[in-house]
Amino acid sequence: MKRKRLGLLISGRGSNMAAILAAAAPDYPAEPVLVLSNRADAAGLEVAKARGVPTAVVESRAFKGDRAGFEAAMEAVLGQHGVEIIALAGFMRVLTADFVRRWEGRLINIHPSLLPAFPGLDTHARALAAGVRLHGCTVHLVTAGVDEGPIIAQAAVPVLPDDTEASLAARVLAAEHRLYPAALSWLAAGQVRLAAGRAVITGVDSAVDSLLNPLPRAALLSTQCSKV
Ligand code: GAR
């Protein structure tokens, strides 16, 4: 198997990046060859260095709104490292349609909500305010629209009655760390294809159980099941 040369784009903590680096054993279909941050103070850079992965910084601030210039500088670094596939991992800059088009099908993102619910920022606070019972995260191919694009995989977590933004964020983040390495591996291994604008994954098992929250009494559940 020829591993895809992976570039990880970060802006901060880099815990999703770390989960991917930890998963990227020699038999993993993507080989992390670069961690690129748009901020020099991103904590994830140190994590990558400690793992021996090359890092680079292209300061978005230095380009003062010149998004094309910023992206050209990123492209140069990505090219120097022979990056073939990009995973956005808490990368908090919106990419231009031109950049997205150049990397079409080779650029993925993780977002902390069950898209298309709650695109944008403050997803956990908005989920709590909306009173949803299930929340989660989505890995998707990146298209020109922000937090849009064909969905590769999602993980759902319950929202509990005494949740705070922090407790809910922590539950979602743990799910992100399990979901992202798996979803990225499917893309890198060529198991993701597009059909009518949707991503179809081959060679994976799908969950057939429902996740219910709140959970009805067991007796009620089995009554329902026996009717099927
Ligand atoms: C993650 O929760 C990720 O889903 C989110 O930023 C966090 C980064 O954490 N991304 C977005 O909101 C993108 N729209 P990390 O740096 O520890 O991976």
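See the structure above.
Residues numbered from 1 in each chain as written. Predicted model: local features only at pLDDT ≥ 70, side-chain atom pairs only at ≥ 80, totals over all residues. Heavy atoms only, no water.

> For unusual backbone geometry, give the residues involved together with the corresponding values.
Put simply, Leu-115 and Pro-116 share a cis peptide bond, and its omega is 10°. Summarising the element assignment, Pro-116 is placed in the loop between β5 (107–111) and α5 (123–130). Located in the positive-phi region is Asp-122, a residue other than glycine, with phi close to 55°. With respect to the secondary-structure elements, Asp-122 resides in the loop between β5 and α5. (Helix = DSSP H or I, 4+ residues; strand = E, 2+ residues; numbered from the N terminus.)

> Let's hear about the pattern of salt bridges: which residues, and what values?
What the rule picks out here adds up to 6 salt bridges. Where Arg-61 meets Glu-59, a salt bridge forms, and the shortest distance between an N and an O atom there is 3.8 Å. Of the residues examined, Arg-61 reaches a relative accessible area of 65% and is grouped as exposed. You can call Glu-59 partly exposed: its relative accessible area is 24%. Two residues, Asp-98 and Arg-101, come together in a salt bridge whose shortest N-O distance is 3.1 Å. Here Arg-101 and Asp-98 lie together in helix α4 (residues 97–102), a separation of 3 residues that amounts to about one turn. (Salt bridge = Lys/Arg side-chain N within 4 Å of Asp/Glu carboxyl O. Buried < 20%, exposed > 50% of the residue type's maximum accessible area, 1.4 Å probe, protein only.)

> Mind laying out the site of the ligand, listing which residues take part and the relevant values?
Near the ligand, the surroundings consist of Arg-13, Gly-14, Ser-15, Asn-16, Gly-90, Met-92, Ile-110, His-111, Pro-112, Asp-147, Leu-173 and Glu-176. Between the ligand and the protein, one listed contact pairs an oxygen atom with a side-chain N or O atom of Ser-15 at 2.6 Å. Between the ligand and the protein, one listed contact pairs an oxygen atom with a backbone N or O atom of Asn-16 at 2.9 Å. Coverage of the ligand by the protein chains reaches 87% of its 450 Å² of free accessible surface. Elements that contribute at least two residues to the shell around the ligand include exactly α1 (15–23), β5 and α6 (165–188). (Near = heavy atom within 4 Å. Polar contact = N/O pair within 3.5 Å; in protein donor to acceptor, adjacent residues only side chain to side chain. Areas by Shrake-Rupley, 256 points an atom, 1.4 Å probe, with all protein chains shown as cover.)

> Which residues make up the environment of Val-57, and what values go with them?
Mapped onto the secondary structure, Val-57 falls in strand β3 (residues 55–57). Assessed through its relative accessible area of 38%, Val-57 is described here as partly exposed. Separated by 17 residues in the primary sequence, Val-57 and Ala-40 have C-alpha atoms spaced 5.9 Å apart.

> Tell me about the layout of surface pockets, and name the residues and values.
When its volume is computed, the largest pocket comes out at roughly 870 Å³. In this structure, the largest pocket is lined by 37 residues; those nearest its centre are Gly-90, Met-92, Ile-110, His-111 and Pro-112. Those elements that place two or more of their residues in the lining of the largest pocket are α1, β5, α5 and α6. With 4 residues, the single largest contributor to the lining of the largest pocket is α6. In this structure, the second largest pocket spans a volume of roughly 480 Å³. Taken together, 18 residues make up the lining of the second largest pocket; nearest its centre are Ala-153, Gln-154, Asp-205, Ser-206 and Ala-207. Looking at the lining of the second largest pocket, the elements with two or more residues in it are β7 (151–158), α6 and β9 (198–201). Ranked by residue count, the leading element in the lining of the second largest pocket is β7, at 6 residues. For the lining of the second largest pocket, a count of residues per class yields 13 nonpolar, 3 polar and 2 charged. (1 Å grid on protein atoms, 1.4 Å probe; cavity = no way out; pocket = protein on both sides within 12 Å on 5 of 7 lines; lining within 4 Å. Points joined across faces, edges and corners; volume = space filled by probe spheres on them. Nonpolar A, V, L, I, M, F, W, Y, C, P; charged D, E, K, R; others polar.)

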